[in-house]
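Topology and contacts: notes
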Amino acid sequence: MQNNTDFPLLFELSQTGRTGYSLPPLDVPETDTAEAFDSAYIRTEPAALPELSELQIIRHYTALSRRNYGVDSGFYPLGSCTMKYNPKINEDIIRMDGFSHIHPYQDPKTAQGALEVMFDLQEQLKEITGMHDVSLQPAAGAHGEWAGLMMIRALHEKNGETQRTKVIVPDTAHGTNPASATVAGFEAVTVKSNEQGLVDLDDLRRLVGEDTAALMLTNPNTLGLFEKDILEMAEIVHEAGGKLYYDGANLNAIMGYTRPGDMGFDVVHLNLHKTFTGPHGGGGPGSGPVGVSEELAAFLPKPVVRKLDGIVILDEDRPESIGRVKPYYGNFGINVRAYTYIRTMGPEGLKRVSEYAVLNANYMMRRLSEVFELPYTQHCKHEFVLSGRKQKKLGVRTLDIAKRLLDFGYHPPTIYFPLNVEEALMIEPTETEAKETLDSFIDTMLEIAKDAEENPEIVQEAPYTTIVSRMDETTAARKPILRYIPE
Ligand SMILES: *Cc1c(COP(=O)(O)O)cnc(C)c1O
């Protein structure tokens with residue numbers, strides 16, 4: 001298979017016998033691999049890795065990084081994913097020797113500083129979410145969802161309520177919600193949204209019952225709208241014996257104003273890599289701590305970080321715990337970055353984040369709604385959803401608009417999601433962008449809309465300025481190249 005761009009792959013540059021590293025002489029006793037490992041796990045032939053010099057590798061990745069797009073290169077209004085600025089002080093802090101050179105098998109007595117940070121981060125997250133206890137273990141949002149649902153499952157089992165097999169999820173929910181419910185062994189059931197984009201309470205009442213394990217919800221929901229009837233919803237679910245799960249991947253709209261714990265939620269996960277500025281993309285790295293009410297605290301993943309008489313310990317003595325969900329203690333690097341962020345912002349700063357995130361989103365929503373259809377007209381929270389229905393009638397689809405944005409140097413918003421909005425464009429500006437940036441993006445969107453009316457083919461054929469034009473994304477997803485086989 002030949003890579004058909006002018007950008008050679010490392011495999012194509014490879015020359016047999018070339019190396020880019022040299023190891024220092026062995027200064028520990030040599031171990032016989034055949035003795036140390038089960039033969040089933042020992043490689044019988046060398047891995048098919050490219051052989052290059054260090055300089056070739058550095059140039060390759062430097063060139064790739066120039067083709068990359070990230071928050072540091074431009075506006076990235078990806079709805080639901082909170083691509084906000086990652087403050088560089090986070091990087092200074094995590095690179096401190098005491099954090100970056102620590103070993104997970106080190107005796108906790110010698111790692112008190114790092115453990116203290118974890119303990120204090122748990123405390124901060126308890127305060128931010130209004131939950132009774134928190135575990136930092138899950139490695140991402142979806143992982144936190146799964147861990148949270150496993151705890152709900154454990155609680156129902158302990159109470160002898162094994163008939164609670166259903167998890168109710170709104171039709172606007174993030175795809176990970178029904179997926180996590182399924183992986184945790186539940187059946188995901190969809191509750192409808194009403195004309196205002198909020199959960200339909202009558203449909204919820206119809207769905208809850210003896211078999212309800214939980215309702216999974218995010219508030220503001222995935223349309224960026226606040227579920228104002230949340231207290232009533234909590235009552236409906238709790239009265240039926242179910243639990244409330246809060247998808248806190250995006251806390252950007254509510255920090256300092258309200259808390260999942262105060263809305264009646266029993267379990268919540270947070271995405272520290274979104275709201276709390278962990279750099280993320282391409283699937284990692286993440287951190288998805290889970291917080292729980294007192295009733296569920298015994299089931300938290302173990303070990304939990306505890307402080308006794310001024311000493312921080314890793315408490316393994318947790319008989320009802322769902323067990324360990326991640327090697328070691330979670331994604332420590334992302335946790336330290338989030339901790340740095342929380343401490344540098346302080347409570348007032350986090351509150352301002354919510355204010356600016358909501359203000360920026362509403363400003364953009366109102367200006368863009370002059371040209372794009374706005375399916376839900378009330379004020380939004382940190383994000384909003386437009387419909388490209390009008391443009392579609394002119395032959396320009398939302399996908400075309402997204403591709404055209406690339407020519408102007410913008411990362412497109414989330415598209416075709418949530419599924420209940422036709423030709424959806426889901427925009428989240430975040431709090432960190434200047435008004436001029438928001439205005440330029442809005443102007444670009446208006447220009448594209450004008451082209452859709454006057455010169456639709458310009459939009460339909462875009463992008464023109466990128467290294468590759470339109471890709472066959474379906475084939476890329478369905479038939480990934482798992483291993484490059486050089487000719
Ligand atoms: C991103 C996101 C998730 C999933 O988080 P991951 O860290 O990608 O697993 C879940 N729910 C919502 C609303 C999200 O935006």
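A quick note: this is a predicted structure, and the numbers were derived from the prediction, not measured.

Thresholds, definitions, all that
Residues numbered from 1 in each chain as written. Predicted model: local features only at pLDDT ≥ 70, side-chain atom pairs only at ≥ 80, totals over all residues. Heavy atoms only, no water. Helix = DSSP H or I, 4+ residues; strand = E, 2+ residues; numbered from the N terminus. Rg over C-alpha atoms; globule rule 2.2 N^0.38 Å. Buried < 20%, exposed > 50% of the residue type's maximum accessible area, 1.4 Å probe, protein only. Near = heavy atom within 4 Å. Polar contact = N/O pair within 3.5 Å; in protein donor to acceptor, adjacent residues only side chain to side chain. Nonpolar A, V, L, I, M, F, W, Y, C, P; charged D, E, K, R; others polar. Pairing = 2+ DSSP bridges. Axes fitted to C-alpha atoms, helices over the stretch in contact; angles between N-to-C directions. Contact = heavy atoms within 4.5 Å. Expected span 1.5 Å × (residues − 1). Patch = residues over 30% accessible without salt bridge, like charges linked within 9 Å, V, L, I, M, F, W, Y side chains within 5 Å. Areas by Shrake-Rupley, 256 points an atom, 1.4 Å probe, with all protein chains shown as cover. Salt bridge = Lys/Arg side-chain N within 4 Å of Asp/Glu carboxyl O. Domains from an automatic or database assignment. Disulfide = S-S within 2.5 Å. UniProt positions renumbered as here; feature names shortened; annotations may be inferred. Phe/Tyr/Trp six-rings, centres within 6.5 Å; stacked < 30°, edge-to-face > 60°.

1. Digging into the overall build of the protein chain
- Tallying secondary structure elements over the protein chain gives 17 helices and 12 strands in all.
- Here the protein chain has a C-alpha radius of gyration of 25 Å; the compact-globule value for 487 residues is 23 Å, and the two agree.
- When the backbone C-alpha atoms are referred to their principal axes, the protein chain occupies close to 70 × 60 × 40 Å.
- Relative to its full complement of 487 residues, the protein chain shows a buried share of 48%.

2. Points about the site of the ligand
- Every one of the 13 residues lining the ligand counts as a neighbour, but S80, G141, D247, H273 and K274 are closest to it.
- With respect to the ligand, the side chain of N250 contributes an N or O atom lying 3.5 Å from an oxygen atom.
- Ranked by the residues each element gives to the shell around the ligand, the list is headed by helix α7 (residues 141-158), at 3 residues.
- Residues belonging to the shell around the ligand are distributed by class as follows: 3 nonpolar, 7 polar and 3 charged.

3. Some remarks on the pairing of strand β10 (residues 384-387)
- Where burial is concerned, the two faces of β10 agree: the one with F384 and L386 and the one with V385 and S387 are both buried.
- Bridge count for β10 against strand β12 (residues 424-427) is 4 bridges, and the pairing is antiparallel. Considered in β12, the bridge of V385 is made with M426.

4. Observations regarding the sheet that holds strand β7 (residues 290-292)
- With respect to topology, 7 strands assemble into an open sheet ordered β1-β7-β6-β5-β4-β2-β3, the strand pairing being mixed. Strands with a single pairing partner mark the edges of an open sheet, and in this sheet they are β1 (133-135) and β3 (187-191). The mean inter-strand angle of the sheet, taken between neighbouring strand axes irrespective of direction, is 25 degrees.
- Bridge count between strand β2 (residues 166-170) and strand β4 (residues 212-217): 3 bridges; the pairing is parallel. Paired with V167 across the two strands is A214, which belongs to β4.
- In the packing of helix α6 (residues 112-129) onto the sheet, the strands contacted are β1 and β6 (267-270), and the crossing angle to β1 comes to about 125 degrees.
- Along the sheet face, helix α10 (residues 230-239) touches β4 and β5 (243-248) and points at about 135 degrees away from the line of β5.

5. Comments concerning the sheet that holds strand β11 (residues 414-415)
- The strand order β10-β12-β11 describes an open sheet built from 3 strands, whose pairing is antiparallel. Pairing within the sheet leaves two strands with one partner each, and these edge strands are β10 and β11.
- Helix α12 (residues 332-368) rests against β10 and β12 of the sheet, and its axis sits at about 15 degrees to β10.

6. A look at the environment of Q391
- Relative to the elements of secondary structure, Q391 occurs in helix α13 (residues 389-393).
- Relative accessible area serves as the criterion here: at 3%, Q391 is assigned to the buried category.
- With sequence-adjacent residues up to four places away left out, Q391 is seen in contact with V371, F372, V396, I401, A449 and A452.

7. A few points about α6
- Between its first and last C-alpha, α6 extends 25 Å over 18 residues, near the 26 Å set by a 1.5 Å rise per residue.
- If you check which residues of α6 are buried, you get A114, L115, V117, M118, F119, D120, L121, Q122, L125, I128 and T129.
- One or two steps after α6, the chain reaches G130, where phi turns positive at roughly 75 degrees.

8. A look at a nonpolar patch on the surface
- A cluster of nonpolar residues, I467, V468 and M471, forms a patch on the protein surface that exposes about 290 Å² of accessible area.
- Within the element layout of this structure, I467 appears in the loop between α16 (456-460) and α17 (473-478).
- Classification of I467 by relative accessible area gives exposed; the value is 53%.

9. Here we look at the domain arrangement of the protein chain
- Examined at the domain level, the protein chain breaks down into domain 1 (10-67), domain 2 (89-344) and domain 3 (348-476).
- Computed from C-alpha coordinates alone, the two centres of domain 1 and domain 3 are separated by 43 Å.

10. Overview of the state of the cysteines
- Enumeration according to the criterion identifies 0 disulfides in this entry.
- C81 takes part in no disulfide bond, and the closest cysteine sulfur, belonging to C380, lies 17 Å away.
- Judged by relative accessible area, C380 falls into the buried class, the value being 2%.

11. A word on the UniProt feature "domain: Glycine dehydrogenase C-terminal" (unreviewed entry) in the protein chain
- When the UniProt feature table is mapped to this numbering, "domain: Glycine dehydrogenase C-terminal" (unreviewed entry) covers residues 354-454.
- The straight-line gap between the two end C-alpha atoms of residues 354-454 is 39 Å; of that span, 50% is helix and 10% is strand.

12. Here we look at the packing of aromatic side chains
- By the definition in use, this model includes 8 aromatic pairs.
- With a centroid separation of 5.1 Å and 75 degrees between ring planes, the pair formed by F75 and F441 is classed as edge-to-face. Here the residue F75 occupies a position in the loop between α3 (54-66) and α4 (88-94), and F441 occupies one in helix α15 (residues 435-454), the gap between them amounting to 366 residues.
- The class for F441 is buried, based on a relative accessible area of 0%.
- A centroid spacing of 5.1 Å and a plane angle of 90 degrees characterise the contact between Y410 and F441, whose relative ring orientation is edge-to-face. Here Y410, found in the loop between α14 (398-407) and β11, pairs with F441, found in helix α15; they are 31 residues apart in sequence, far enough to count as distant. For the pair formed by Y410 and F441, the shared burial category is buried.
- An aromatic cluster of at least three residues, connected via ring pairs, comprises F75, Y410 and F441.

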